[in-house]
Amino acid sequence: MSRLQDKIALITGAAQGLGAATAALFADNGARLVLTDVNLEGVSAVAEAINAQHGENTAVALEHDVTNSDAWQQAIAAAKRMGGLHVLVNNAGIGSLGGVTEESLENFRRVHEVDVDSVFMGCKYAMPLMSESGGGSIVNISSVAGIIASQHYSAYNSAKAAVRHLSKSVALDCASKGNGIRCNSVHPAFVDTPILDGIAAGYPREVLIEKLARQIPLGRIGKPDDVAYGVLYLASDESGFVTGTELVIDGGICAR
């Protein structure tokens, strides 16, 4: 079943990890894609692999700094050239390790710029074209760190919590305007993606994964497709009555 047949989706941070997995799953389900990332080589490789499997016009790749408003408008223009926009996945983001007294103000602001400002701009610039296209779905990738806090993630906790509440505000704004756009956030726990390499802190990767898995009731960390299937549901018409809420994909952490 092609759950996104005839839909056009824009996915940020699509060069690897959750973005790349979501792009592949969307293509498998009939979507055409605008894939963006600051890593042009990486996102181009993802688009080329999708086109090799689904046809050369399935995906286009763009270099995209999600903190730059002009770059956002260029990405939206690429979707318009493709024929419109029905799904926006704000996936690009960065993390940071540091408590309030250890974290620098410069880095705190940078995390919020990448993780929150980008989501605001994505929603702001995508909504008019999505409305013209008949409505659709915005999916903002947050984190369980936006729901439960840690003393070690002051910048990341606050940024991902902001994404959660911003998503609700966008959902209510769209509902009040009657523009047919829904907005929800997704909150994964630890997922086996390259981002783990940045928090390894000297651990061998397999040791880190085992350490993280012990914190999860299901006894393992997530796979990219665990999250991508949740994003697919929210992007599809199957979730037509779902807006302003959060989908937690965490192996049970938040149940404690």
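Described in the following lines is the structure provided in the data block. Nothing here was measured: the structure is a model prediction, and the numbers come from that model.

1. Topic: the overall build of the protein chain
- Of regular secondary structure, the protein chain possesses seven helices and seven strands.
- From first element to last, N terminus to C terminus, the protein chain shows the α and β order β-α-β-α-β-α-β-α-β-α-β-α-α-β.
- A principal-axis box enclosing the C-alpha atoms of the protein chain has dimensions of 45 × 40 × 35 Å.
- Out of the 256 residues in the protein chain, the part that is buried amounts to 50%.
- For the protein chain, long-range pairs separated by at least 24 residues make up 72% of all intrachain contacts whose partners lie at least 6 apart in sequence.
- If you sum the accessible surface of the protein chain, you get close to 11900 Å²; carbon and sulfur atoms cover 53% of it.
- Across the protein chain, the mean location of the 19 positive side-chain charges is 6 Å away from that of the 27 negative side-chain charges.

2. Things to note about the pattern of salt bridges
- All chains considered together, the criterion is met by eight salt bridges.
- Lys7 is the salt-bridge partner of Asp237, the closest N and O atoms lying 3.2 Å from each other. Taken together, the residues span a long stretch of sequence, with Asp237 in the loop between helix H7 (224-235) and strand E7 (246-249) and Lys7 in the segment before strand E1 (8-11) at a distance of 230 residues.
- By relative accessible area, Lys7 is classed as buried at 16%.
- Via salt bridges that share partners, Arg164, Lys168 and Glu246 belong to a single interconnected network.

3. Some details on a nonpolar patch on the surface
- Side chains of Ile147, Ile148 and Val248 sit close together on the surface and give an oily, nonpolar patch of about 200 Å² of accessible area.
- Position of Ile148 among the secondary structure elements: in the loop between strand E5 (136-141) and helix H5 (154-177).

4. A look at helix H6 (residues 205-213)
- The set of residues buried in H6 consists of Leu208, Leu212 and Ala213. Looking down the long axis of H6, one finds its buried residues gathered within 135° of arc, a one-sided arrangement.

5. A look at the packing of helix H3 (residues 69-82) against helix H4 (residues 105-132)
- Closest axis-to-axis distance for the H3/H4 pair is 10 Å, and the angle between their directions is 30°. In terms of their interaxial angle, H3 and H4 are classed as roughly parallel. Crossing handedness for the pair H3 and H4: right-handed. For the pair H3 and H4, contact is made by Ser69, Trp72, Gln73, Ile76, Ala79 and Lys80 and by Ser118, Met121, Gly122, Tyr125, Ala126, Leu129 and Glu132, respectively.
- Tallied by class, residues from the contact of H3 with H4 come to seven nonpolar, four polar and two charged.

6. Concerning unusual backbone geometry
- A positive phi angle is found at Asp6, which is not glycine, with a value near 70°.
- Note on placement: Asp6 falls in the segment before E1.
- On the basis of relative accessible area, Asp6 is assigned to the exposed category, the value being 63%.

7. Thoughts on the environment of Ile76
- With respect to the secondary-structure elements, Ile76 resides in helix H3.
- Measuring from C-alpha to C-alpha, the distance between Ile76 and Leu88 comes to 9.9 Å, with 12 residues separating the pair along the chain.

8. Describing the pairing of strand E4 (residues 87-90)
- A two-sided burial pattern is seen for E4, the buried positions comprising Val87 and Val89 on one face and Leu88 and Asn90 on the other.
- As judged from the three bridges shared by E1 and E4, these two strands associate in the parallel manner. Looking at the pairing, Leu10 lines up with Leu88 of E4.

9. Regarding the sheet that holds E7
- Strand order in the open sheet formed by seven strands is E3-E2-E1-E4-E5-E6-E7, and the pairing between neighbours is parallel. Each end of this open sheet is capped by a strand with a single partner; those strands are strand E3 (59-63) and E7. Going from strand to strand, the sheet's axes swing by 15° on average, the running direction of each strand aside.
- Pairing of strand E6 (residues 181-188) with E7, which is carried by four bridges, proceeds in the parallel orientation. Across the sheet, Ser185 pairs through a bridge with Glu246, a residue of E7.
- Against the sheet, H3 engages E1, strand E2 (32-37), E3 and E4, with an angle of about 165° to E2.

10. As for the packing of helix H1 (residues 17-28) against H7
- Packing of H1 against H7 leaves a shortest axis separation of 9 Å and a crossing angle of 55°. Of the possible angle classes, the one that applies to H1 and H7 is oblique. When the axes of H1 and H7 are compared, the crossing they make is right-handed. Residues Gly17, Leu18, Ala21, Thr22, Leu25 and Phe26 of H1 pack against Pro224, Asp225, Val227, Ala228, Tyr229, Val231, Leu232 and Ala235 of H7.
- Partitioning the contact of H1 with H7 into residue classes produces 11 nonpolar, two polar and one charged.

The rules behind these values
Residues numbered from 1 in each chain as written. Predicted model: local features only at pLDDT ≥ 70, side-chain atom pairs only at ≥ 80, totals over all residues. Heavy atoms only, no water. Helix = DSSP H or I, 4+ residues; strand = E, 2+ residues; numbered from the N terminus. Buried < 20%, exposed > 50% of the residue type's maximum accessible area, 1.4 Å probe, protein only. Contact = heavy atoms within 4.5 Å. Areas by Shrake-Rupley, 256 points an atom, 1.4 Å probe, with all protein chains shown as cover. Lys, Arg positive; Asp, Glu negative; His and termini not counted. Charge placed at Lys NZ, Arg CZ, Asp CG, Glu CD. Salt bridge = Lys/Arg side-chain N within 4 Å of Asp/Glu carboxyl O. Patch = residues over 30% accessible without salt bridge, like charges linked within 9 Å, V, L, I, M, F, W, Y side chains within 5 Å. Arc of directions from axis to C-beta. Axes fitted to C-alpha atoms, helices over the stretch in contact; angles between N-to-C directions. Parallel < 35°, antiparallel > 145°, perpendicular 65-115°, else oblique. Left-handed = near helix turned anticlockwise from the far one by under 90°. Nonpolar A, V, L, I, M, F, W, Y, C, P; charged D, E, K, R; others polar. Pairing = 2+ DSSP bridges.

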